[in-house]
Amino acid sequence: MCAHFCFHKAGRLLVPSWNGLLGGWRGLSMEDYHKPDQQTVQALRNIAARLRINSIRATTAAGSGHPTSCCSVYRAEDPRNHNNDRFILSKGHAAPVLYAVWAETGFLNESELLNLRKVDSILEGHPVPKQQFVDVATGSLGQGLGAACGMAYTAKYFDQASYRVFCLLGDGEVSEGSVWEAMAFASFYQLHNLVAIFDINRLGQSDPAPLQHHVEKYQRRCEAFGWQAVSVDGHSVEELCKVLSQPRHQPLAVIAKTIKGKGIPGAEDKMGWHGKPLPKDMAESVIRDLQNHMVSCNKRMYPSSPTEDALPVSLRNVHMPSAPSYKPGDKIATRKAYGMALAKLGRYNERVVVLDGDTKNSTFSELFKNEHPNRYVECYIAEQNMVSVAVGCAARDRNVVFASTFATFFSRAYDQLRMAAISESNINLCGSHCGVSIGEDGPSQMGLEDLAMFRAIPTATVFYPSDGVSTEKAVELAANTKGLCFIRTSRPENNIIYNCNEDFHIGQAKVVYKSNEDHVTVIGAGVTLHEALAAAESLKKERINIRVIDPFTIKPLDSKTIIENARATKGRIITVEDHYYEGGLGEAVCSAVVNEPGFTVRRLAVSQVPRSGKPNELLHLYAIDREAIAQAVRKLLANAANSK
């Protein structure tokens, strides 16, 4: 499971550190280090050699992979047991040695390793959760430690259990800023149950890593972030056993100096071998050499059973204790309704947890914090880490997780969101302050790309509630929906338009304004839905009737309702959105009706980088207000009349 330790001379980092294979050396006293006997040391060395051999065999058979990166690293029959220690291979390209470990435990057949990277095998090029022994997908570097933080935080504060979390990082990925966001998080919350193992093998993919083998610099950096940091010889079983058995009251960073490709003639500590399998003849020669250096040993290593102190959790049917309590005529911003809904949901289920990036007084997640402070996690201004921590908190179905910030700031965590989908993670994100309607703060704070961003994620459900009632329903539905859920909330206060007993479903739109003689179907969401309703009232005085639709979810979009109602208005549709033209509501509607003959879609959206101003001024300036909608309706009808 570790990465560059598979070809290491004596032993690798992974084996003595992970509870799955050796119980994390739970048998060793945490107060006094007892050096393992020589039989144990030799057994570990033999395991390491077998892992190296199987990593070479797998990558050579696949014709691709990263064998030199494997030259470094329970309840085994039940990998996702909630009492087990967690292990994250942040350097996911070293996946073959992870698979070799699970073959060593007997969970995988050794023969399956030769199917590495084949289309009909679960053993993909990088770890993915379709493998029962993987909690989160890795491969996009720099993200594993953040997820490990979420797992360790859950263990310490939510589960209050004794399982520990181990994360193996490569020295190349330590250049990622997200690693240091995670380091700061772990230190601040004193995650003493977290071990980060830095595989310092000097070489990256195309160049040496910046600090190469200067392990003392890595150690000082980790210590500066508030970690206990220890430098070791990554090839020494004895040193690794010793450091991992020491008592600690803060997160532990093991700085393991290793040699990439150790034991492979021609590849050891050489550039140009990253991601290249060994040719068959070279692989066979290395395997023979490894086998010849193995010493007969009768001692068998067995995983010790984990402490069963993490209670079972049920996340099914997380529902609100009562219907929304808003009254017709009330006005509330959907961002505030989100916070109120979170607090309400938290009263019903103690596994609802909320994260925020130092925007809780703007997203209104502070309302949850005020009622449930022990289930609120402040992630500060580190959105990439916040998303990774959310993924870790949600792993193994331990929590119902909501994370919030301004909609636009999720763009800096897009890679983490993308990997969350690959991880099959169930996390809920709320982006407030969407669009030009936030007003004077200006374009840097305006979420105008977020719909496009989340619509592109395969597992995402995108909610866009337009009043307090639909916002509360969106929160409840998100809590019970698999995959990523994104709830888009707005800053302005708007009228309650739905009765509190209104029923909402994912992928089901609402027709909120209609007559028997409608001329145009107008589709808006959030702030623009209210502008569309105002336009409908204004146009009615001109004897122009429009039908107004609230999609509620932008993904999936209720194509059936949109098409049926647009047919009643002779195929005339206008979409209006507080978002850029690209990738938003308008494009979603166009995709839904593209095969409908005789349909015409006119789109209103923000066409350029906006500026500061009052919300109503900006809605007017960028032509997405009631006046612009009314004018678009008139123009569409005039064009239709002229074409006859």
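Residues numbered from 1 in each chain as written. Predicted model: local features only at pLDDT ≥ 70, side-chain atom pairs only at ≥ 80, totals over all residues. Heavy atoms only, no water.

A. A look at the overall build of the protein. Per the secondary structure count, the protein includes 21 helices and 19 strands. Expected size for 644 residues packed as a compact globule is a radius of gyration near 26 Å; at 28 Å, the protein falls within 12% of this value. With respect to the three principal axes, the spread of C-alpha positions in the protein is 95 × 50 × 40 Å. Buried positions account for 61% of the 644 residues belonging to the protein. Carbon and sulfur atoms make up 47% of the accessible area of the protein, which totals about 24,400 Å². (Helix = DSSP H or I, 4+ residues; strand = E, 2+ residues; numbered from the N terminus. Rg over C-alpha atoms; globule rule 2.2 N^0.38 Å. Buried < 20%, exposed > 50% of the residue type's maximum accessible area, 1.4 Å probe, protein only. Areas by Shrake-Rupley, 256 points an atom, 1.4 Å probe, with all protein chains shown as cover.)

B. Inspection of the UniProt feature "domain: Transketolase-like pyrimidine-binding" (unreviewed entry) in the protein at higher detail. Here the UniProt feature "domain: Transketolase-like pyrimidine-binding" (unreviewed entry) sits at residues 332–496. Along residues 332–496 the backbone is 39% helical and 20% strand, and the end-to-end C-alpha distance reaches 7 Å. (UniProt positions renumbered as here; feature names shortened; annotations may be inferred.)

C. Just the sheet that holds strand β16 (residues 546–550), in detail. Within the open sheet, the 5 strands sit side by side as β14-β16-β15-β18-β19. Their pairing is mixed. Single-partner strands in this sheet number two, and they are β14 (510–513) and β19 (600–606). Across this sheet, the average inter-strand angle for adjacent strands is 25°, counted without regard to direction. Relative to β16, β14 runs antiparallel, the two sharing 3 bridges. When the bridges of β16 are listed, lysine 510 appears paired with aspartate 550. Along the sheet, helix α18 (residues 559–568) contacts β14, β15 (520–524), β16 and β18 (572–580); its crossing angle with β16, the most-contacted strand, is approximately 175°. This element, helix α21 (residues 626–642), spans β15, β16, β18 and β19 of the sheet and lies at about 145° to β18. (Pairing = 2+ DSSP bridges. Axes fitted to C-alpha atoms, helices over the stretch in contact; angles between N-to-C directions. Contact = heavy atoms within 4.5 Å.)

D. The arrangement of helix α10 (residues 334–348) in detail. When the terminal C-alpha atoms of α10 are compared, their 21 Å separation across 15 residues agrees well with the 21 Å that a helix rising 1.5 Å per residue should span. Within α10, 11 of the 15 residues are buried, which leaves it mostly tucked inside the rest of the structure. Every buried residue belonging to α10 is among Thr334, Arg335, Ala337, Tyr338, Gly339, Ala341, Leu342, Ala343, Lys344, Leu345 and Gly346, and all of these are buried. (Expected span 1.5 Å × (residues − 1).)

E. Highlighting the pairing of strand β7 (residues 352–356). Burial within β7 is extensive, with 5 of its 5 residues counted as buried. On β7, burial covers both faces: Val352, Val354 and Asp356 on one face and Val353 and Leu355 on the other are all buried. With 5 bridges joining them, β7 and strand β9 (residues 400–406) adopt parallel strand pairing. Along β9, the bridge assignment pairs valine 354 with phenylalanine 402. Note: β7 against strand β8 (residues 376–378), 3 bridges, orientation parallel. Opposite valine 354, over in β8, you have tyrosine 376 as the bridge partner.

F. Layout of the packing of aromatic side chains. Within the structure shown, the criterion is met by 19 aromatic pairs. An angle of 45° between the planes, with centres 6.0 Å apart, marks the rings of tyrosine 153 and phenylalanine 185 as tilted. Residue tyrosine 153 is located in helix α5 (residues 144–159), and its partner phenylalanine 185 is located in helix α6 (residues 177–188); the two are separated by 32 residues in the primary sequence. Summarising the aromatic geometry, the rings of phenylalanine 504 and phenylalanine 552 are spaced 4.9 Å apart at their centres and angled 50° between planes, so their arrangement reads as tilted. (Phe/Tyr/Trp six-rings, centres within 6.5 Å; stacked < 30°, edge-to-face > 60°.)

G. Highlighting the sheet that holds strand β4 (residues 228–233). With respect to topology, 5 strands assemble into an open sheet ordered β1-β2-β3-β5-β4, the strand pairing being parallel. For this open sheet the edge positions go to β1 (86–89) and β4, each flanked by a neighbour on one side alone. Pairs of neighbouring strands in the sheet enclose a mean axial angle of 20°, with direction left out of account. The sheet contacts of α5 involve β1, β2 (165–170) and β3 (194–200), and relative to β2 the element is tilted by about 170°.

H. Examining the environment of asparagine 495 more closely. Considering the arrangement of structural elements, one finds asparagine 495 in strand β13 (residues 493–495). Overall, the relative accessible area of 38% leaves asparagine 495 in the partly exposed class. Sequence spacing of asparagine 495 and asparagine 639 is 144 residues, and the spatial spacing of their C-alpha atoms is 33 Å. Not counting residues within four places of it along the chain, the set of residues in contact with asparagine 495 comprises Gly329, Asp330, Lys331, Asp467 and His530.

I. Representation of the pairing of β16 within the structure. With 5 of 5 residues buried, β16 lies mostly within the body of the structure. Summarising the sheet, β15 and β16 pair through 4 bridges and their orientation is parallel. Pairing of valine 522 across the sheet is with valine 548, part of β16. After leaving β15, the chain enters helix α17 (residues 527–540) and then returns to the sheet as β16, a path that is right-handed. (Right-handed = clockwise from strand over helix to strand, strands pointing away.)

J. The arrangement of the nonpolar core in detail. Leu145, Leu194, Phe198 and Leu355 are the most contacted members of the largest nonpolar core, which totals 83 residues. Element by element, the count of residues in this core is highest for α5, at 8 residues. With residues near it in sequence (within four places) discarded, leucine 194 still touches Leu145, Ala148, Cys149, Ala152, Val165, Ala186, Trp227, Arg248, Pro251 and Leu252. Core analysis: the next-biggest nonpolar cluster, separate from the first, contains 35 residues, Ala76, Ala100, Val243 and Leu244 among them. (Core = buried A, V, L, I, M, F, W, Y, C linked by side-chain atoms within 4.5 Å.)

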